[in-house]
Structure formats: C-alpha cells, structure tokens
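The chain contents come next:
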Amino acid sequence: MSATTANDAGAVMAKAMQSPARLAVRRFFRRPAAVGGLVIISLFIIVALAAPWVAPFDPTQTSWTLIRKAPSWAHWMGTDENGRDVLSRVIWGARASLLAGVISVTIASGVGVPVGLMAGFAGGKIDMIIGRLVDAMLASPFLILAIALAAFLGPSLQNAMIAIGITATPIFVRVSRAATMDAATNDYVEAARALGNPPWRVAVRHVLPNIVPPVMVQATLAIAGAIIAEASLSFLGLGQQPPAPSWGSMLNSAQRFLTQAPWLAIFPGAAIFLAVFSFNLIGDGLRDALDPRAK
Amino acid sequence: MKSHLGIRIAQFIPTIFLVSIMVFCLQQLMPGDPALVLAGEERDPEVLAQIRAELWLDRPLVIQYFHWIGNVLQGDLGFSWRIRQPVLQLVATKLPVTAQLAAMAFIISVSIGVPMGILSAVKKNTFWDYVANGIGLAGLSTPNFWLGIMLILIVSVQLGWLPPSGYVPLTEDWRQSLATTIMPAFVLGNALAAVLMRHTRSAMLTALEQDYVRTARAKGLMEMRVVLRHALRNALVPVVTLGALELGTLLSGAVLTEQVFSIPGFGKLIVDAVFNRDYPVVQGVVLVTASVYIGLNLLADIIYVFLNPRLRTS
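Rules behind the numbers
- Residues numbered from 1 in each chain as written.
- Chains lettered and ligands numbered in written order.
- Predicted model: local features only at pLDDT ≥ 70, side-chain atom pairs only at ≥ 80, totals over all residues.
- Heavy atoms only, no water.
- Helix = DSSP H or I, 4+ residues; strand = E, 2+ residues; numbered from the N terminus.
- Buried < 20%, exposed > 50% of the residue type's maximum accessible area, 1.4 Å probe, protein only.
- Contact = heavy atoms within 4.5 Å.
- Buried area = accessible area lost by both parts, 1.4 Å probe.
- Salt bridge = Lys/Arg side-chain N within 4 Å of Asp/Glu carboxyl O.
- Expected span 1.5 Å × (residues − 1).
- Bend = angle between axes of the 7 residues up to and from the residue.
- Polar contact = N/O pair within 3.5 Å; in protein donor to acceptor, adjacent residues only side chain to side chain.
- Patch = residues over 30% accessible without salt bridge, like charges linked within 9 Å, V, L, I, M, F, W, Y side chains within 5 Å.
- Areas by Shrake-Rupley, 256 points an atom, 1.4 Å probe, with all protein chains shown as cover.
- Lys, Arg positive; Asp, Glu negative; His and termini not counted.
- Charge placed at Lys NZ, Arg CZ, Asp CG, Glu CD.

Engineer: Help me understand the environment of A:Val113, please; the structure alone is not making it clear to me.
Structural biologist: Residue and element names in this part refer to chain A. Looking at the secondary structure, you find Val 113 in helix α5 (residues 86-122). Residue classification places Val 113 among the buried positions, given a relative accessible area of 12%. Between the alpha carbons of Val 113 and Pro 262 there is a distance of 43 Å; along the sequence they are 149 residues apart. Residue contacts for Val 113: discarding those within four places in its chain leaves Ala 108, Phe 172, Ser 176, Leu 208, Ile 211 and Val 215.

Engineer: Would you mind going over the interface of chain B and chain A with me for this structure?
Structural biologist: Note: interface size is frequently given as the accessible area lost on complex formation between the parts. Each partner contributes residues to the interface: chain B has 45 residues there, and chain A has 43 residues. In total, chain B and chain A occlude about 3800 Å² of area from one another, counting both sides; carbon and sulfur atoms represent 81% of this. The interface formed by chain B and chain A contains 1 salt bridge. In this structure, B:Arg198 and A:Asp284 form a salt bridge, with 2.3 Å as the shortest nitrogen-oxygen distance.

Engineer: What is the right way to read the pattern of salt bridges from this model?
Structural biologist: One side chain can pair with another of opposite charge once the charged atoms of both are near each other. Counting across every chain of the model gives 14 salt bridges over all chains. The partner of A:Arg132 in a salt bridge is A:Asp135, and the shortest N-O contact between them spans 2.7 Å. Here A:Arg132 and its partner A:Asp135 are both found in helix α6 (residues 124-138), 3 residues apart, which amounts to about one turn of the helix. You'll find A:Arg132 and A:Asp135 in the same group, each marked buried. B:Arg217 is the salt-bridge partner of B:Glu223, the closest N and O atoms lying 2.7 Å from each other.

Engineer: Explain helix α8 (residues 174-208) of chain B to me, please; I cannot follow it from the model alone.
Structural biologist: The periodicity of an α-helix, 3.6 residues per turn, causes residues three or four positions apart to be oriented the same way. Residue and element names in this part refer to chain B. Under the 1.5 Å per step criterion, the end-to-end length of α8 is only 42 Å for 35 residues, more than 12% shorter than the ideal 51 Å. Along its length, α8 reaches its greatest deviation from straightness, about 40°, at Gly 189. Measuring from the side-chain oxygen of the N-cap residue of α8 to the backbone nitrogen of Arg 175 gives 3.2 Å; that N-cap residue is Asp 173.

Engineer: Please explain a positive patch on the surface as it appears in this structure.
Structural biologist: A cluster of like positive charges, contributed by B:Lys219, B:Arg225, B:Arg229 and B:Arg233, occupies part of the molecular surface. One can find B:Arg233 in helix α10 (residues 223-260).

Have a look at this one:
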C-alpha cells in the first residue's frame, strides 16, 4: 500500500516537473484526428518539395495526342485540355498552394502579432487607434477585400499572397492583443516591471512567449483559410497565372470541360479539400492541446 | 441598454470613415496612371489631361478623397468606366439577386447547422457526435466553388434534376427561380451551416450543464422538452447573434458561387469589374459590402441586447 502511494506521489511529481510545452505535445499526439492531419500535411510537404523527382511528367508539357484522356495506368489522374498530365500538375500545384498558405500567414502574423502586442501592452490611445483600424479592415468581407487588393495590385501568385496576407492581418492583431492583455495581468509581468525593465523588454521577453500558443492555433487555421483564398483567387484568374499549375486555376479551366472530362475537376478540388481539412484537424488538435479548458 | 447601443452606434461612424479611406486608397495601389487605363489606345496628352481633370486626378490626394466622399454621401458612387452607368444603379440592380441567394443560403444553413449542433451536444462523445463534427469540419474545409462544380456534375449533368446555371427573378417565375437558386444557395450556405453547427454544439453543451436544466430534469420533464424549451432557448442567443454576423460573410462567398453558377449578382459584378479594370465599380462594391457588413454587425448587437434579458434591463 505504502509502495503504491509512493509510486503515485512520484508520478504526480514527475508530471508536475514536465514543461507545459511537453504536456501540450503529449496531449496533441493523443488525438488521432490531429495526428492524421499532421501525417497528411507532412506528405503534402514532402511531395511539394520533391515535385521535380516525384512528378511523372513535366507539368507544362503539352501534347496534342493526349488531349483530355481519362485516368489510366500511364496517366493516373488523366490529362487536361492541352494534353498535360493532371497528376504532375496536382503535385506541382501543391507547391503554389502550400507556399501561398505559409507566406501569406507569415506576412499576416509578422505584422499582426507585433501590432497586437503593442496595442494590448500599451493600451490607451494607441490601443484605441489600432482597434478602430482593425475594425475597419474587418468590416470588409475577407474575400472581397482580397479580390479588390489583388485586382489593384495586378494578377500574380505573389500579389495574391500579399493580398491574402494583408487581409488576414487584423485577425492576428485581435488574437495577440487579447492574449497580451491576458498575459500582462500575471504576477511575473508585474515583477518584471517592478525590477525596472523597460516596457519593450517586458513585452518581448515576458509577454511574447506567453501569447505564442493562441497565435500558433490561429496560424494553423489561417493557413487553411489562406489555401482556400489562394485557390479562390486563382480560380477567378487573380492568382497563379497559366501555364504554371495551381489547384484553383486547374478548377477554373476544368469548369469548361465538365461533361467531357470530369476528372479535371475532381482531383485538384480533392487536393484542396484534403490539405485544408488536414490543417483544420491540426488547428483543432492544437487548440485542445494548448488550452484543455476550451474543449 | 441605451448606453450600450449608443456606444456601438458611435463606433459605427469612425469605422465607416476609416473604411472609406481604405477603399479610396485601393485606387492608389493601382500600377500606372488611371487616366491611361481609361484612355485605352488614345494617348493624346490633351485627352489624358482632360480625363485627369474630370476625375480630379490632377489634385492633391486629400482633395481627391474629400471630393469622392462628398459624392458618396450624396449617393454618387462614381461612374462605371466600361458599362457607362452610375455605379449605384449597377449595385441596386445586382444586390437583390445576391440578397435572394444569401437569404436562401441562410435558411438552408440554419436548417442544417442548428439541428446538427443540438444532436451533437445531446449525444456528446457518441457516434452521432463524431459524425456531426466530421461533417462540420468537412463543410468548413470544402471550397464552395469546388462543391458547386461537383454538384453541377452530379445533380445537373448526371441526374438532370436541376439547371446547371442561370437565374430567373423571383417576380418572374418563382418555381423556376427556386430551381435555379436552390443549388447555389446550398453551396453558399454550406460553410455557414458548419459554423452554426459548431457554435450551437458549444452553446448547447454549456446550457445543458446549467442549474435550470438540472431543475427541469428533476421536475420530471421529458428530455425533448428539457432540450428544446429550456436549453435551446438560452443557447440560441449567441447563435442568433453569430448568424446575423455571418450574413455579411455570405456576400463574400457569393462572389465564387455566382461565378460558378453564372448568376448575375453582386459577386459577378465585382469579378467582371476586376477583369474589365473598371475600378470605380470595384471601389463601389467594396464600400457597399463593407457598409452592409458593418450594418449587420450593429444589427447583431441590437439583437443580442434584445434577446439577453440581463443586458436589456441593465
């Protein structure tokens, strides 16, 4: 009996000594759906990075003898209206979509987190001005603003990424501002202030590390949103320009051949769905792992 | 209550003002000279100077902004460079089409999302909960333009049940109008149904743990009555508010849905304007959308205050 109690106490001690990050990682890996999402996204990343070696054909190589051929052993996902291999284009399209997702969210968080940190930490007039600007940006529906920005900047993948990044910034400002205001009330922040640290140092050294979890969750969900946004802009002709492959632009041209070649619409759309679904699974898993009370 | 609403209305004005500056600044992002775009092949310096003077492009930016906002406040959103019609007139013609689509999408999403959320909460951690959550997450992850294309392929091309594209106004033939809009409305409402499902589930889980629900059960009321009369009534307050907020995002989704189904609405107007480089129309559409969106935000706040007795009496 006493040995069991000692073991239990030891287990409790060992658990208490584990870092919150390690506990969160453990909680994340206990969720099969989130792990499944992580595995699928890892596969997408590997395929995107290894596209030159994995893709069976050149994604831009046309062939008049292979126009709109149904899926076969030679072309697993068939060929498109210019005789290009759909599988190779889906593989190369993963690069554009994942890159757009990551870069636009990097832009949004790179601008949004420091601004949100400043608003939450400084408070007063700075917070009020930033708050009104964020309200104004959030007042325009995401896609309409992204379309308008992409239209005025000019159609290209690079401009689509900038447009999505700018449009997604206010969400990061809001999330990091709220997290900063929450973290700033902690005793260790008060202690750091009392020790005479300058405000910027308190914000960067003591508050910033504590707002990372909610920002990470938001970033994962925002990548999912950015992939859909990039596909939407490319579908409208405002993103990746032909002949470079992108899942959205592939769906755009597939629409014209829906009755003759339905496979042109099925595979790129399924790729978008799978990538976005996986990022959402990871985002949900991260949220539950980093904040178990919010379940 | 009055002070709460007063604050929200007071916040509405600076937000609209900032939105107007943002929309005006969009034009400044345009590469090159707008007068060159408008002149087309005509590069005569006199013609260019005349266009610049007409559009006030030869004045300082601040003056240009006040001239533009002054016109907007008088109901003049500018003149379409391509269609040669006032932008307000174009918006007024297209908005009812999108409004019909958005209203139908909203009804569909509430009819699917709320019951699924209730089922998921009542059957928490069971097979039904997992299925509802899976469908919800799948709904959030499906690009609506792809869902539209797939539905056209299955429902219209394979089964021949509904027309694949086009639009008939409700006033002309209501049956044909419903036939042409039911599929786009389902596509548009899909993501909102998923959002409503998740919020209803979360609100119901909180409500089902409250003391008044325990009291209702202890009184021996039927479970159905406890769920629908006691828990749902309270859980619906945040869901209704969120629903009103999300109406604005339907305008955004309509851009792609109208493109896929060739519906001549608000969304198609902005896309066509983008490709025709008809920038006054793009600016006008963004400004109107943002104003509608802010208005809906305010409406959501008012609904929330009226539905929440604690805020109503304070």
